[in-house]
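Geometric and topological summary
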Amino acid sequence: MRSKCCRFGILCAICVLPIVQSCREKREKNFLLFPEKEQFVSKTTDTIPLGENLILMGNINQCLSLSDTSFLVTDGQHVVVYGMDGRQLAVVSERGHARNEYVNVGAMYASSRYIYLWCNMTLKLLQFTPDGEFVGKYDGPDKAISKFVVQDDSLVYYCVTGRDDYLLNVYDLKNGKLLEEAGELDNEDIMLFFNNHSGALALWHDEVLFMPPSRMDLMSMRGAQYSGVVGTVADKDFSCAEVKTNPRDEVDIDIREVYDYLLKNSMVAGMYADDTLLCIMTETGEFHPQKDTLQTAGRNLNLFFLGKGYKPLRAVRAGYPVGTSCYYYYHSCLYVLLNRPDTGKYEILKYQVG
């Protein structure tokens, strides 16, 4: 009888241990607590009209910084380097099936040395110098990519667009194989991935940091080693409604339902890193559709700045300009690319955030 009791006690201890461990993990969740958001007055320090002296652009859907003097934009069909005076400086290759060409650019990344373009039709990664000179071409993973970074010209960390069970994948460029998968996707993430700006990914020193679209959990990878959630940004304004069924299981997904979800829910929208700080960008509040455009008065763009050791420094809330196509943060400035509803012309608004 005593032996049975001992065995029963051991069994109970084994069963209870995961529950206790789970509770401990929840209690020890590292919340990154920021001061109250500063209301950023939407007064631009500069407005830069985009010229078309080299090539005519279509609907620009992505932009990113190259340096203090230039930035990169794409409409999927063309990739152009612009100077901060709004002049086109270089066209990066062109559409086609040659070794140095792309069919449709789905995502871009710029390191200190190279520009990388992901062609979502041929599933190839193209590498160029900042001047647009072709360097190389790599076979990529057989998946749709929304964001990516390249480390040491060999490892690609990429976020998928909902057709996967994991948020981040690590791919070995030289050997052409998948090394690791990390970060679970939930139904809300999959729904928000219909907006190709959703989610966040950045290379900070030797660490890759990423966040899902629907949660403010900051996750870390070092090499191909997943470190888990290193902190959760606390923001009372950030909320996403529950999505009860997996959108991937829908035979005929209702696009109007997806559109409505994107308009009404918050979203993690991007991440920027330099030598001293990490900037996480989110959108909160709601859009309100009108006849010809979206009313953005109820939508906010939020920036959270973290220092070494993920130390919260400050948080900023800004308005969301009508006609916003995309935006990025670089060296104390927020850049918002607008397609002006009144003229149909593109321009960059530059805000000094500090």
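The rules behind the values
- Residues numbered from 1 in each chain as written.
- Predicted model: local features only at pLDDT ≥ 70, side-chain atom pairs only at ≥ 80, totals over all residues.
- Heavy atoms only, no water.
- Helix = DSSP H or I, 4+ residues; strand = E, 2+ residues; numbered from the N terminus.
- Buried < 20%, exposed > 50% of the residue type's maximum accessible area, 1.4 Å probe, protein only.
- Contact = heavy atoms within 4.5 Å.
- Areas by Shrake-Rupley, 256 points an atom, 1.4 Å probe, with all protein chains shown as cover.
- Pairing = 2+ DSSP bridges.
- Salt bridge = Lys/Arg side-chain N within 4 Å of Asp/Glu carboxyl O.
- Axes fitted to C-alpha atoms, helices over the stretch in contact; angles between N-to-C directions.
- Polar contact = N/O pair within 3.5 Å; in protein donor to acceptor, adjacent residues only side chain to side chain.
- Core = buried A, V, L, I, M, F, W, Y, C linked by side-chain atoms within 4.5 Å.
- Phe/Tyr/Trp six-rings, centres within 6.5 Å; stacked < 30°, edge-to-face > 60°.
- pLDDT = per-residue confidence, 0-100.

A few words now on the overall build of the protein. Per the secondary structure count, the protein includes 3 helices and 28 strands. Of all 354 residues assigned to the protein, the portion counted as buried reaches 50%. For the protein, the proportion of contacts with a sequence separation of at least 24, taken over those separated by at least 6, is 50%. When the accessible surface of the protein is summed, it comes to about 17600 Å², and 51% of that surface belongs to carbon and sulfur atoms.

As a further point, take the pairing of strand β16 (residues 200–204). With respect to burial, β16 is a largely interior element, 4 of its 5 residues being buried. Here β16 runs beside strand β17 (residues 207–211); their pairing, made up of 5 bridges, is antiparallel. What sits directly across from Leu201, in β17, is Phe210. Taking the residues that link successive antiparallel strands as the turn, the β16-β17 hairpin has 2 residues, and the phi of His205 there is positive, at about 60°.

Note that side chains of opposite charge can pair when their charged atoms are close. Taken as a whole and judged by the stated rule, the model has 17 salt bridges. Between Asp85 and Arg87 there is a salt bridge, with the nearest N and O atoms lying 3.4 Å from each other. Assessed through its relative accessible area of 44%, Arg87 is described here as partly exposed. In the salt-bridge network here, residues are joined through shared partners; they are Glu36, Lys37, Asp235, Lys236 and Asp237.

Looking at the element boundaries, Val233 is found in strand β19 (residues 225–233). In the structure, Val233 is positioned 15 residues away from Leu218 in sequence and 7.5 Å away in space, judged by C-alpha atoms. Sequence-distant contacts of Val233, that is, excluding residues within four places in its chain, are made with Leu32, Phe34, Met211, Met216, Ile280 and Phe304.

This part takes up the sheet that holds strand β26 (residues 324–330). Pairing within the open sheet is antiparallel, and its 4 strands lie in the order β3-β28-β27-β26. The open sheet has two free edges, formed respectively by β3 (46–49) and β26, since each of these has just one partner strand. In this sheet, adjacent strand axes meet at a mean angle of 20° when their direction is disregarded. Where β3 meets strand β28 (residues 346–352), 4 bridges bridge the pair, whose relative direction is antiparallel. Bridge pairing in β28 links Ile48 to Ile348.

As a further point, take the side chain of Ser70. Inspection of the secondary structure puts Ser70 in strand β5 (residues 70–74). Polar contacts involving the side chain of Ser70 include one to the side chain of Ser67, which spans 3.2 Å. Sequence-distant contacts of Ser70, that is, excluding residues within four places in its chain, are made with Ser65, Val81, Tyr82, Gly83, Met84 and Leu89.

Right, let's talk about the nonpolar core for a bit. Core analysis: the biggest nonpolar cluster contains 41 residues, and Val73, Tyr329 and Leu337 have the highest contact counts within it. Top contributing element to this core by residue count: strand β27 (residues 333–339), with 6 residues.

Here a ring pair, both rings aromatic, is described through the centre-centre distance and the interplanar angle of the planes. Going through the model one piece at a time under the given rule, you end up with 14 aromatic pairs. Considering the side-chain rings of Phe71 and Tyr328, the 6.4 Å spacing of their centres and the 40° angle between planes classify their relative orientation as tilted. With a gap of 257 residues between them, Phe71 in strand β5 and Tyr328 in strand β26 connect regions that are remote in the sequence. On the basis of relative accessibility, which here comes to 0%, the residue Phe71 falls in the buried class. By relative accessible area, which is 6% here, Tyr328 ends up buried. Grouped by ring-pair contacts, the aromatic residues Phe71, Tyr82, Tyr328 and Tyr335 constitute a single cluster.

This part covers the confidence of the model for the protein. Per-residue pLDDT for the protein averages 86, and the proportion of residues at 70 or more is 90%. Per-element confidence in the protein ranges from a low mean pLDDT of 39 for helix α1 (residues 2–27) to a high of 97 for strand β21 (residues 278–285).

With that out of the way, let us pick up helix α3 (residues 255–264). Every buried residue belonging to α3 is among Val258, Tyr261, Leu262 and Leu263, and all of these are buried. For α3, the capping residue at the N-terminal end is Asp254, with a side-chain oxygen 3.0 Å from the backbone nitrogen of Arg256.

Another point: the pairing of β27. When you tally the buried positions in β27, you get 6 out of 7 residues, the bulk of the element. In this structure, β26 lies alongside β27, joined through 6 bridges in antiparallel fashion. When the bridges of β27 are listed, Cys326 appears paired with Leu337. Between the antiparallel neighbours β27 and β28 lie 6 residues, among them Gly344 with a positive phi of about 75°.

What follows concerns the sheet that holds strand β24 (residues 299–307). The strand order across the open sheet formed by 5 strands is β2-β25-β24-β21-β20, and the pairing between neighbours is mixed. With partners counted over all chains shown, the strands left at the sheet margins are β2 (38–39) and β20 (267–273), one partner each. Where β20 lies against β21, 6 bridges are found, and the strand directions are antiparallel. Within the sheet, the bridge partner assigned to Met267 lies in β21 and is Glu283.

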